Amino acid sequence: MSTHCSTFSNQHSLPKLPVPSLQQTAERYLRSLEPCVSGAELEKSKAVVKDFLKPGGMGEALQERLLRHAETSKTSWIEDWWIRKAYLEWRAPLLVNSNWFLQFTEDINQSKVPREDPNGGFTKIQVKRAAHLINKFLDYKELIDSERLPPESNRLGNLCMNQYRCMFGVCRIPKRGCDEVVYHHSEHPQHIILLLKDQIYEFAVFDQSKNRITDGDIEKKLWEAIEDVQRTAMQPSVGVLTSDDRDNWADAREHLLSIDPTNRASLARIQSALFAVCLDDRNISSDLNIAHRNTFTGMDGHNRWFDTCMSIVLDRNGNGGVNGEHSPCDALIPSLVIEYALQDGLNPNALPTGAVVAGPKLLKFKTDPKLDKMIQDAHARAQQVIMDSTSTILQYKGYGTDFIKQYGKVSPDAYVQMAMQAAYYRAHRSVAATYETASTRMFLHGRTETIRVLTNEAKQFALKMNDPNASAQEKFQTLQLASRKHIENLKQSSIGQGVDRHLFGLRMVMKPGEGHAIFSDPAFGKSSRWQLSTSSLSESIKLSATGFGAVDPEGYGINYLPGKKTIRFGIEAKANSNASIQRFSDALIHVLNEMEAVCKANTPKAKL
């Protein structure tokens, strides 16, 4: 941790994201092509790159424009472009395709609360856990607002804390062609939204004197909302519209606004809420392979507002997690909020204080036959998106980071990435262009850069691990080489010297009608078709699973949690595609087992 005590005290001293040299990016780009294209394709790409780099050519012109743009950018030269192109212009549904999930472990006091059903399908444990989590999330927001959250740092220096401003009171708004994100953090909203049976309530979390209310007070108000939803006529399921294609949702929202002013007022309260809480009146199996689907998709896309930055999801057993909208911030930052919220157990005996708090207010929506049809169609499309998605939580319990460090002698992240390379080859008999997230938070408003995991060294390791004639020593040596190369690339990406964001920036400064073959080269497309899209979070004993959707329709989306004794993988792929979660998971387990034997075989035995 930094020695400064103020959360944002280091922001002014952070450097801006650099623009790499054109020659360096070209060299690294060509090296990244080598393991995934043929010799003839590589020679064509080299000629294309040579033309791009020639004196007075397109590359120099674009680089000069990008450097000028970077000089005039107040924060990061890529920030606005990246959010727009990577997220806001993407028209696919947030459901599965963009939103991430983080699954809780059980509360340490969960067994102390009865799970009976006192009212309308909702339970005491569910309500008590919701109240506790709401308050812990608000505690964390208070740390941010008061700047008592210590600023972060690592071996490279201080880290940007801007994403902490982008979690609470943040909502995505659908617009045809390109969405927008609204930020209410600085306005200090005093309400959340509560979703029950597809009905949406404005839920005050401060009393009339603007003081925080307690777990007991929140519980009391949650039961008031539950009682209200039992006796109130059900409104149409407006929330399911947020699961739809973004242009469809944008059109539906515009029509919703045109029907009655009540709808505009209700949407405004949703959009300004600190976060959402979704209580589901159904039992979900505790089996992670089933339970995570409720957090990830809502099973049927209902009782959710997918546009909200963070939504706490709990079933009748008190189990659940958080579903997050990706554009405002990366999942790492909310994961730290969740870790904080799960540190302490809920209070089984929390009592209300009698604080004067506004009652939960049902947000009203007026619809017409056209909107009702839009809701019906959105429901049908949500079911299809969910049916087309397969996902699993692979809990590998053979060993974890302790073993990797002691016997593998490499970075655990590099080790896991190489295991996935070998597993993909075993499952598909080919190598895969692979994306791994690198953090660029050492720069002002930094977010991510791509680590191109598939290197010549990684390919050699994948081949050796699938060669029955290769010795354990050969496999171990290729693991060492591949891991070192991976860490080298990770470090370069983390300091803003990656390939993909630079090439993206060069494309963004092209004028209408301009172009170059480097961007239309088939090898460029092949090398960035991420059949393995991967990311990881730090070891956690409070998170049981995490994941996101595959970015390629024939590929896998994999988020992994490397622990000291276990490694957990959240794996998603599309049904009826060449990707097979079962085949890949089986291959990954076998590869990890074999790597254990390889590492042990190459560990010198202690002398007696």
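About the criteria used
Residues numbered from 1 in each chain as written. Predicted model: local features only at pLDDT ≥ 70, side-chain atom pairs only at ≥ 80, totals over all residues. Heavy atoms only, no water. UniProt positions renumbered as here; feature names shortened; annotations may be inferred. Buried < 20%, exposed > 50% of the residue type's maximum accessible area, 1.4 Å probe, protein only. Helix = DSSP H or I, 4+ residues; strand = E, 2+ residues; numbered from the N terminus. Pairing = 2+ DSSP bridges. Salt bridge = Lys/Arg side-chain N within 4 Å of Asp/Glu carboxyl O. Contact = heavy atoms within 4.5 Å. Axes fitted to C-alpha atoms, helices over the stretch in contact; angles between N-to-C directions. Disulfide = S-S within 2.5 Å. Parallel < 35°, antiparallel > 145°, perpendicular 65-115°, else oblique. Left-handed = near helix turned anticlockwise from the far one by under 90°. Nonpolar A, V, L, I, M, F, W, Y, C, P; charged D, E, K, R; others polar. Expected span 1.5 Å × (residues − 1).

Where an unreviewed UniProt entry is consulted, the chain appears under the name Acyltransferase ChoActase/COT/CPT, with the organism given as Basidiobolus meristosporus CBS 931.73. In its Sequence similarities (unreviewed entry) section, the UniProt entry covering the chain states "Belongs to the carnitine/choline acetyltransferase family."

A. Focus on the pairing of strand S16 (residues 543–547). With five of its five residues buried, S16 lies for the most part within the structure. Of the pairings in the sheet, the one linking strand S1 (residues 100–104) to S16 comprises four bridges and is antiparallel in character. Residue Leu102 lies in a different strand from S16, and its bridge partner there is Thr546.

B. Broad picture of the pattern of salt bridges. The tally for this structure, following the rule as stated, stands at 45 salt bridges. For Asp228, the salt bridge goes to Arg231, with nearest N and O atoms at 3.8 Å. Of the two residues, Asp228 and Arg231 are both situated in helix H6 (residues 215–231); the distance of three residues between them amounts to about one turn of the helix. Each of Arg91, Arg172, Arg176, Asp179, Arg246, Asp247, Asp251, Asp307 and Glu325 takes part in one network of salt bridges that share partners.

C. Summary view of the sheet that holds strand S7 (residues 199–204). Spatially, S11-S7-S6-S8-S9-S10-S1-S16 is the arrangement adopted by the eight strands of the open sheet, whose pairing is mixed. What marks the edges here is a single partner per strand, and that holds for strand S11 (361–362) and S16. Bridge count between strand S8 (residues 276–279) and strand S9 (residues 310–314): four bridges; the pairing is parallel. Opposite Ala276, over in S9, you have Ser311 as the bridge partner. In this fold H6 packs onto strand S6 (191–196), S7 and S11, with an angle of close to 155 degrees to the strand it touches most, S7. Strands in contact with helix H10 (residues 332–342) are S1, S9, strand S10 (320–324) and S16; relative to S1, the strand with the most contacts, it is inclined by about 15 degrees.

D. Summary view of the state of the cysteines. Enumeration according to the criterion identifies zero disulfides in this entry. Looking at the unpaired Cys309, the closest cysteine sulfur is the one in Cys329, lying at 4.1 Å. The buried category is assigned to Cys309, whose relative accessible area is 1%.

E. Examining the UniProt feature "active site" (unreviewed entry) in the chain more closely. Sequence positions flagged by UniProt for "active site" (unreviewed entry) are, in local numbering, His326. Locating His326 in the fold gives a position in the loop between S10 and H10. His326 sits in the partly exposed class, given a relative accessible area of 21%. Look past the residues within four positions of His326 in its chain and what remains in contact with it is Tyr87, Ser98, Asn99, Trp100 and Arg447.

F. Spotlight on the packing of helix H5 (residues 124–145) against H10. Interaxial distance between H5 and H10 falls to 9 Å at its minimum, and their mutual angle equals 125 degrees. Looking at the two axes, H5 sits oblique to H10. The interaxial crossing formed by H5 with H10 has right-handed handedness. Where H5 approaches H10, its residues Arg129, His132, Leu133, Lys136, Phe137, Asp139, Tyr140 and Leu143 are matched on the opposing element by Leu336, Val337, Ile338, Tyr340, Ala341 and Leu342. Taken together, the residues that form the contact of H5 with H10 break down as ten nonpolar, one polar and three charged.

G. Structural view of the sheet that holds strand S13 (residues 434–439). Taken in spatial order, the six strands make up an open sheet running S12-S18-S17-S15-S13-S14, and their pairing is mixed. Here the strands that pair on one side only, and so sit at the sheet edges, are strand S12 (389–396) and strand S14 (448–452). If you compare each strand with its neighbour and ignore which way they point, the axes differ by 25 degrees on average. Relative to strand S18 (residues 567–574), strand S17 (residues 556–562) runs antiparallel, the two sharing seven bridges. The partner of Pro562 across the bridge, within S18, is Ile567.

H. View of H6. Look at H6: 25 Å from first C-alpha to last across 17 residues, which is about the 24 Å you get at 1.5 Å a residue. Within H6, twelve of the 17 residues are buried, which leaves the element mostly enclosed by the surrounding structure. For H6, the set of buried residues is Asp215, Gly216, Asp217, Ile218, Glu219, Lys221, Leu222, Trp223, Ala225, Ile226, Asp228 and Val229. Looking at the packing, one finds that the buried side of H6 touches H5, S6, S7 and S11.

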